Amino acid sequence: MAPGETDTGIGERMGWSAADIARHQAEAAARTPSGRVGRPEDVAWWIVRLTRPEGAWASGTVVAVDGAASVV
């Protein structure tokens, strides 16, 4: 799994100001074709599906969950 920029609340825990967090997320969103920063549930959706028995055939690959940032 290769998640892209995801809003996990780490900025707050690092002591960043709300303005710094907003600026960082806006810059990240501008670099991402989806136009937004990921949410934890965006990544969790893939984790849940790939760990189900039906996902057992998927092996040896990296799934980019990054709003298409890796394709630009």
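Up top is the structure these notes are about.
One numbering rule holds for all chains: residues counted from 1, following each sequence as written. Totals for whole chains, interfaces and linings use all residues, but because this is a predicted model, local features are given only for residues with pLDDT of at least 70 and pairs of side-chain atoms are given and counted only at 80 or more. Only hydrogens and water are removed before side-chain values are computed, so all heavy atoms of the structure are retained for them.

Asks: Pulling in residues and values, what's your account of the pattern of salt bridges?
Replies: Two side chains bearing opposite charge may form a pair once their charged atoms approach each other closely. A carboxyl oxygen of Asp or Glu within 4 Å of a side-chain nitrogen of Lys or Arg is what we treat as a salt bridge. With the rule as written, the count across this model stands at five salt bridges. With a shortest N-O distance of 2.3 Å, Asp-20 and Arg-23 are connected by a salt bridge. One end of the pair is Asp-20 and the other is Arg-23, both in helix 2 (residues 18–30) and three residues apart, which spans about a single turn. Relative accessible area decides the class of each residue, using a 1.4 Å probe on protein chains only: under 20% of the type maximum gives buried, over 50% gives exposed, and in between gives partly exposed. Classification of Asp-20 as partly exposed rests on a relative accessible area of 31%. With its nearest N and O atoms 3.4 Å apart, the salt bridge here joins Arg-39 to Asp-42. Through salt bridges with shared partners, a single ionic network connects Arg-36, Arg-39, Glu-41 and Asp-42. Only runs of H or I of at least four residues qualify as helices and only runs of E of at least two qualify as strands under DSSP, and these elements are numbered from the N terminus.

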